[in-house]
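# Coordinates in review
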Amino acid sequence: MTRTTRPPTIARFKGAGILKGLGVTLKTMRTKKVTYKYPDVPIRMPDRFRGIQYFEPDLCIVCNQCARICPTECITLTGKPNPDPAKKGKVIDTFDINFEICILCDLCTEVCPTEAIVMTNNFELATYSRDDLFKDRDWLYGNNQNIRQDNNNIGAPQRGGAK
Amino acid sequence: MIRTEELLLNVGPQHPSTHGVFRIVVKLDGEIITEATPVMGYLHRGTEKLAENLNFTQIIPYTDRMDYVSAMTNNYVLVHAVEKLMGLEVPERAEFLRLIVMELQRVASHLVWWGTYLLDIGALSPFLYAFNDRERILDLFNELCGARLTYNYMRVGGVKWDAPDGWIDKVKELVRYLYGQLEEYDALVSGNEIFLSRIKGVGAYDAKTAIAYGLSGANLRSTGVKWDLRKNEPYSLYDRFEFDVPVGRNGDCYDRYLIRVEEIRQSLRILEQALEQFPEGGETMGKVPRVIRPPAGEIYVRIESPRGEIGCYIVSKGKAEPYRLKFRRPSFVNLQILPKLLVGESMTNLVTILGGIDIVLGEVDC
Amino acid sequence: MQHYWNSPVTWGHAGIYLLGAIAVLAVVIFFVTYAIYFERKVIGWMQFRQGPNRTGPLGLLQTAADVAKLLMKEDTIPARADRVLFILAPVLAFVPSFLVLAIIPYGLNLQFADLNVGFLYYIALSGVTTIAIVVAGWASNNKYALLGGMRSAAQMISYEVPLVMSVVGVAMMTGSLNLRDIVIGQEGYFWHWNFIPQILGFAVFVIAAVSELNRTPFDLPEAESELVAGYHVEYSGFRFAFFMLSEYVYMYAIACLGTILFLGGWNPPLPQLDFIPGLIWFALKFACIVFFLFWIRATLPRLRVDQLMGLAWKVLLPIAIANIFLTALGIEWFG
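Each chain has its residues counted from 1, following the order in which its sequence is written. Throughout, the order in which chains and ligands are written sets their labels, letters from A for the former and numbers from 1 for the latter. Residue-level local features of this predicted model are given only where pLDDT is at least 70; pairs of side-chain atoms are given and counted only at 80 or more, and the full residue set underlies all totals for whole chains, interfaces and linings. Calculated side-chain values reflect all of the structure's heavy atoms, with hydrogen atoms and water omitted.

### Quick look at the interface of chain A and chain C
Note on contacts: a residue pair is in contact if any heavy atoms of the two residues lie within 4.5 Å. At the interface, 14 residues of chain A touch 13 residues of chain C. The term buried area denotes the loss of accessible surface (1.4 Å probe radius) that occurs when two parts are joined, taken as the sum for both partners. Three residues, Leu22, Met29 and Lys33 of chain A, lead the burial of chain A against chain C; their summed loss comes to 41% of the area buried on that side. Every case where a carboxyl oxygen of Asp or Glu lies within 4 Å of a side-chain nitrogen of Lys or Arg is listed as a salt bridge. The interface formed by chain A and chain C contains one salt bridge. Here Arg54 of chain C makes a salt bridge to Asp40 of chain A, at a shortest N to O gap of 2.8 Å. Here a polar contact is recorded for every N or O atom pair within 3.5 Å, except that within protein the pair must consist of a potential hydrogen donor and a potential acceptor, and residues adjacent in sequence are included only if both atoms are side-chain atoms. Where chain A packs against chain C, one counts seven residue pairs in polar contact (both at pLDDT 80 or more).

Spelled out as structure tokens, the structure:
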């Protein structure tokens, strides 16, 4: 039962600790301030930042992976038959993300085999109405700034681990 | 004839010092508490029940939100349990990355505690000092996994992202910087006579009580019990590194304070060694089946989170979703001693004691 | 303004007094506005922050905007509150805070009322504010407010004793309680100022004064982390503004008092520096005290109630009394 923590240096007289603390705050007064000039100067997030998704309808193969992996079930999508009869498969019809419940966990972009849905570095989602948080396909397609370069979709079928 | 009456005071759920939505109903005789009843559950989201309908990858973001001050350790306890149940190998580089982020997280978590505790006691500035340095850690996490609080970083069998170029050097630099900052923190408050008189001898209990209440983490070690899962049941790579487990003697808030500050220093020591030994190359994801289906069976895994022993109990029936998932949350267990400690204390000590236990309401209510 | 005091009352003199009062009011309001601004700035700088900088150039209009917001806010009175007392309390807190300013001499001839019991007048009136705070705590019908009010009553009564005792030494050295005479008694070099011979008294005065102001580390009545906001938890809008205002006016008054009693008032530190007007010296010393108050607020944690009481009765009071004895001995031996 011995104490192994290091008690702070014993003060020489009553009040020495207080004076030391006052010295620290006085010293800090002259240091550089850390405040961001945020609304005036936008914040640059690192590339891996998980912001609002960008959706590329042409790449989507309607595999439903993103909707299935979503932990909060905020993605809803429907497909339609390919209008070009020469091609097989479906194309995307509607694609909606409900940002009231989306937690930006990155799992949808992780499983997407064609990188149709990718993260961007945009994060400003505040609105005056909840309805505005329901983003549809066109809005997500329009969200094409600051798209993440490296997507690392380790969960996608063609790469991933052993089958 | 003077008639005295007990005052029933509702502290919380909206109160600056309950660190979230937590309520204590206290009976006051003057300013002395005669009875305290904690009321919790305001932040209950039913994570454990929700998890029964989610596969293991989907549960990881939910664990981020339990103890949101220390999400990395929560991530780890889940993936570690699944890996153990499935008998998966994790590549060394991934394990190193996990350990580094967990120790950084411990430092960040203790910094939050340090700042908010001082704020509870009435000092304004330490909070900003602590958050200023925590910010640097969060920025590194942001660079690593793209989020500052809810990382969703670990995966069953490895980690999602490898360290970006230069990241390890940045961590090295940060560790050096934090050593210096610790000295400054000590100068700012650790010797402050007012602060010491506020926490010395407050909220004391002995080792027997602590064990009887199932306390863990700094709350247990403050009574002199040397119990740290990183040492006693080494998981991850902790057996490779040298570090001390600080213990106290009196079991009071002062000892808990010293232990947490010392733990920051020990975490920095671990980080120094881990960064030195960080492997050059290698995979960050092990060989993992496409769909994670643990074999039927059950497992309990526990690790040392900044708040104490966090455990994960999984019952699997061989499906992709757990049959039952249970988290042993240290905040919840540590909180149970609160009513006992509060009786006979003043209103002011309520804040000191509650802060000293170090709870995160997201984890208490889960 | 002293000669008006001795001449008969006329409409003209009354008018001059009224104008003077308005001028002081303006000065004080200006001080409060920018004291709040600088408090936020200084504390910000000490915490790696900028402080207010968005409203107006350099954020200079921040306090004005805050006050405008407070004035336009809905005036709420809790349903079960004691209406009359609830409305009365802010006024009761605010009026004495302004009344005490009457006795403060800023220069040799710059004073409203040259009372022979200047310091006692200050103590007597500032005691009224204690009642206002208890009334506010009681009338709000809120448990936090009640606890804050009770704490405040205990604290302010306890600390008034060492505050008065600490000044007794100064009064003995000057042989007067008249604030102007006390300043005149400190003429000469800066080691003639009272804070050196009265170093014990000065220390007790500073601690007791901070406590009287209810500022960190003695801000227990409003202890944010325990009592949320203490006695003014139910107040909002302009009633809250009045509490806030009286708090800062007291800060102004105490800083003035400290300057006068211990730091030589308007006297320059060296007689050779006499060419700089006394008012500037006064303002400088005053600013140092105010900065000190901001500084400790940014650094120190809060005491506990029992420690607070113990400090007043077990530490400060004996020191203050010892100081009186030592002063008496000093006067006896060294003249």
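### With respect to the domain arrangement of chain C
Residues and elements named next belong to chain C. Domain annotation of chain C identifies domain 1 (1-72) and domain 2 (75-334). Domain delimitation follows an automatic or database domain assignment. Averaged C-alpha coordinates put domain 1 and domain 2 at centres separated by 18 Å. In this assembly, 22 residues from domain 1 lie in contact with 26 residues from domain 2. Of the roughly 2200 Å² buried where domain 1 meets domain 2, counting both sides, 79% is carbon and sulfur surface. Seen at the junction of domain 1 and domain 2, the total is two salt bridges. The partner of Glu39 in a salt bridge is Arg297, with the nearest N and O atoms 2.7 Å apart. Inspection of the domain 1/domain 2 interface yields four residue pairs in polar contact (both at pLDDT 80 or more). Where the side of domain 1 that touches domain 2 is concerned, the elements lending two or more residues are helix 1 (2-6), helix 2 (11-45) and helix 3 (62-72). Note on conventions: DSSP H or I runs of at least 4 residues are helices, E runs of at least 2 residues are strands, and numbering of each starts at the N terminus.

### Here we look at the UniProt feature "transmembrane region" (unreviewed entry) in chain C
UniProt positions are given in the numbering used here, feature names are shortened, and annotations may be inferred rather than shown by experiment. Following the UniProt record, the feature "transmembrane region" (unreviewed entry) maps to residues 14-37, 84-107, 119-140, 161-179, 191-210, 248-266, 278-296 and 308-331 of chain C here. Between the end C-alpha atoms of residues 119-140 of chain C the distance is 33 Å, and the span holds 95% helix and 0% strand.

### Notes on the sheet that holds strand 5 (residues 134-135) of chain A
DSSP-based pairing: two strands are paired if at least 2 bridges between them are found. In spatial order, the strands read 2-3-5 (chain A); together these three strands make up an open sheet with antiparallel pairing. Only two strands of the sheet have a single partner each, and these edge strands are strand 2 (75-81) and strand 5 of chain A.

### Let's talk about the sheet that holds strand 7 (residues 308-316) of chain B
Residues and elements named next belong to chain B. The antiparallel open sheet is built from three strands, whose spatial order is 6-7-8. What marks the edges here is a single partner per strand, and that holds for strand 6 (297-305) and strand 8 (324-328). The mean inter-strand angle of the sheet, taken between neighbouring strand axes irrespective of direction, is 10°. Bridge count between strand 7 and strand 8: five bridges; the pairing is antiparallel. By the bridge assignment, Gly311 is partnered in strand 8 with Arg328. Angular values range over 0 to 180 degrees, each being the angle between N-to-C directions of two axes fitted as lines to C-alpha atoms, with helices fitted over their stretch in contact. Against the sheet, helix 3 (residues 71-86) makes contact with strand 6, strand 7 and strand 8, and its axis sits at roughly 145° relative to strand 6, the strand it touches most.

### Structural notes on unusual backbone geometry
All names here are of chain A. Backbone geometry at Asn64 places phi at a positive 70°, although glycine is not the residue there. Within the fold, Asn64 resides in the loop between strand 1 (53-55) and helix 2 (65-69). Of the residues examined, Asn64 reaches a relative accessible area of 36% and is grouped as partly exposed. In this model, Asp106 sits at a positive phi of 85°, which is unusual for a non-glycine residue. Relative to the elements of secondary structure, Asp106 occurs in the loop between strand 3 (90-98) and helix 3 (107-111). Throughout, exposure labels follow a simple rule: accessible area from a 1.4 Å probe, protein chains only, divided by the maximum for the residue type, with under 20% read as buried, over 50% as exposed, and the rest as partly exposed. Overall, the relative accessible area of 1% leaves Asp106 in the buried class.

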